[in-house]
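These are the residues of each chain, in order.
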Amino acid sequence: MLEQKPIKSALVSVFHKDGLDEILKKLNAEGVEFYSTGGTQSFIESLSLPCTSVESLTGYPSILGGRVKTLHPKVFGGILVRRDNESDSRQIEEYEIPEIDLVIVDLYPFCETLAAGASDEEIIEKIDIGGISLIRAAAKNFNDVIIIASKDQYAPLANMLAENGAVSTLEERKWFAKEAFAVSSGYDSAIFDYFDAGEGSHLRLTGENAKVLRYGENPHQKGVFYGDFEKLFEQLQGKEISYNNLLDIDAAVTLISEFDELTFAILKHNNACGIASRPAVKEAWEAALAGDPVSAFGGVLICNAPIDREAAEEITKIFFEIIIAPDYDADALEILMQKKNRIILIQNETTDNKMQFRSLMNGILVQDKDLNIQAADDLKVVTKLSPDARETEDLLFANKLVKNTKSNAIVIAKNKQLCASGTGQTSRVDALMQAIEKAKSFGFNLDGAVMASDAFFPFPDCVEIASKEGIHAIVQPGGSIKDNLSVEFCDANGLAMVMTGIRHFKH
């Protein structure tokens, strides 16, 4: 199974040269002959290492402004030749094609050029042709050739050379080939996405930085996260992030991103069980906790303002899994870090994802992310009575919450504080009854509260129940053929109702 093969020659043509010098020196010490082009050849020679130009091998110069350099049978024949095939061996001898045992190549920075806002002409010129062809050829012939397709593989190559010298096993060559095809497929997907321009004519998904999790949603399920978590968050302490932690963190940052004023939220199983907007962190925390001090146990906490000592002294009194904030005062951090398993995160930046994906049946469901949230100007008053200024603030607050709550959802709020929510119910009436019962169990007086619904009321029953509990204003998307029944009840009983025209289902 080892099938060791010596490395006698290497083709090197790279954009990223950092970390390559020691590898080249090691290969040279092992007697490996180099072939290269342009800037890479100059780099190799600057290390006082001998190098044969590809141009002298092929008999052709680099042409078409560098578009054609390595695309030649004397290059690809040397990579693709099957060492155990007599016909291949006779042909390369006939055409004087040298065998190439190692290919070190990377690709033009297409994604970086695109992200920099370059012109279409500049972007097109960064579509690599020779490099991608070399990668595929060397990876295909992994029985005989090692392919290094990215600077990320420099370290594994260096380790292999340090341990075994200029020799590779079949297992090692196949691993490098797998990594190479990951590079090439990701590169091609990025190019396709550029040409597709958001039309969604085909779906090409690639994920980098695979992180194997302890398990998936349950211990008997495997879980992997593809993404750059460290780009978004700095973990100051705590245990390893789990699958369920990631779901809660995503729900938390999505919810808090809706709020501009200082807001503190507590989440359990991706839904807010407490949230409030207040002038100070401690006040916001206390008001959020009052929304459901029972469910807050083991919850995920998030605030859009730095955590100070005064707040930390109160927060640390309960058990929680994760806390997220843009920063922490030093004395606050000292308090919070007393429990070593607590996951403490600094949120560095927000995500810019505009699409959502879900696997189901034999396919993948894709949709635009729900980025629509309403401001005061978007609230259409449909009743004789208009909400006053305080009620309007509460309606907007509640509407942000219900948007981020699992359907069917009802949210009851008062003074920019969550009183209770009905979450994930099969009936909108059940969701309302759940919210009312919960709010009362924690001592909330619902007189003057507002109610938000993620979808329209097909009947006036929810409005009737809300009115009996003292709720004075309601926000809903509208759109039922029986909207008039709810509006008429509000008019007859002194309630204000606004419609947004935007449904916020969340399943």
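Residues numbered from 1 in each chain as written. Predicted model: local features only at pLDDT ≥ 70, side-chain atom pairs only at ≥ 80, totals over all residues. Heavy atoms only, no water.

Trainee: Looking at this structure, I do not really get the overall build of the protein chain. What am I missing?
Mentor: Regarding its fold elements, the protein chain presents 19 helices and 23 strands. Against the 2.2 N^0.38 benchmark of 23 Å for 507 residues, the protein chain shows a C-alpha radius of gyration of 31 Å, more extended than a compact globule. Overall size of the protein chain, expressed as C-alpha extent along the three principal axes, is 95 × 55 × 40 Å. For the protein chain, the proportion of its 507 residues judged to be buried stands at 47%. Taking contacts inside the protein chain between residues at least 6 apart in sequence as the whole, the part at least 24 apart equals 56%. For the protein chain, the centre of its 50 positive side-chain charges and the centre of its 76 negative side-chain charges are spaced 4 Å apart. (Helix = DSSP H or I, 4+ residues; strand = E, 2+ residues; numbered from the N terminus. Rg over C-alpha atoms; globule rule 2.2 N^0.38 Å. Buried < 20%, exposed > 50% of the residue type's maximum accessible area, 1.4 Å probe, protein only. Contact = heavy atoms within 4.5 Å. Lys, Arg positive; Asp, Glu negative; His and termini not counted. Charge placed at Lys NZ, Arg CZ, Asp CG, Glu CD.)

Trainee: Got a minute to help me understand the nonpolar core in this structure?
Mentor: Within soluble globular proteins, side chains that are nonpolar tend to cluster in buried spots. Ranked by size, the top nonpolar core spans 40 residues in total, and within it Ile249 and Ile324 carry the most contacts. Of the residues forming this core, the biggest block, seven residues, is contributed by helix α12 (residues 243-256). Of all hydrophobic cores here, the second largest spans 29 residues; its members include Leu107, Ile127, Val145 and Ile191. (Core = buried A, V, L, I, M, F, W, Y, C linked by side-chain atoms within 4.5 Å.)

Trainee: Can you help me understand helix α10 (residues 170-196) in this one?
Mentor: Given 3.6 residues per helical turn, the α-helix brings residues three or four places apart onto the same face. Between its first and last C-alpha atoms α10 spans 38 Å; for 27 residues at 1.5 Å apiece the expected length is 39 Å, and the two agree. Backbone geometry just after α10 places alanine 197 at a positive phi near 55°. (Expected span 1.5 Å × (residues − 1).)

Trainee: Teacher, can you tell me more about the packing of helix α9 (residues 154-164) against α10 here?
Mentor: The packing of two helices is summarised by the inter-axis angle and the distance between the axes. Where α9 meets α10, the axes come as close as 12 Å, and the angle between the chain directions of the two elements is 170°. One way to sum up the angle between α9 and α10 is to call them roughly antiparallel. The residues of α10 that touch α9, namely those facing Pro156, Leu157, Met160 and Asn164, are Glu172, Trp175 and Phe176. Residues of the contact of α9 with α10, tallied by class, amount to five nonpolar, one polar and one charged. (Axes fitted to C-alpha atoms, helices over the stretch in contact; angles between N-to-C directions. Parallel < 35°, antiparallel > 145°, perpendicular 65-115°, else oblique. Nonpolar A, V, L, I, M, F, W, Y, C, P; charged D, E, K, R; others polar.)

On their own, these measurements won't tell you what the molecule is for.
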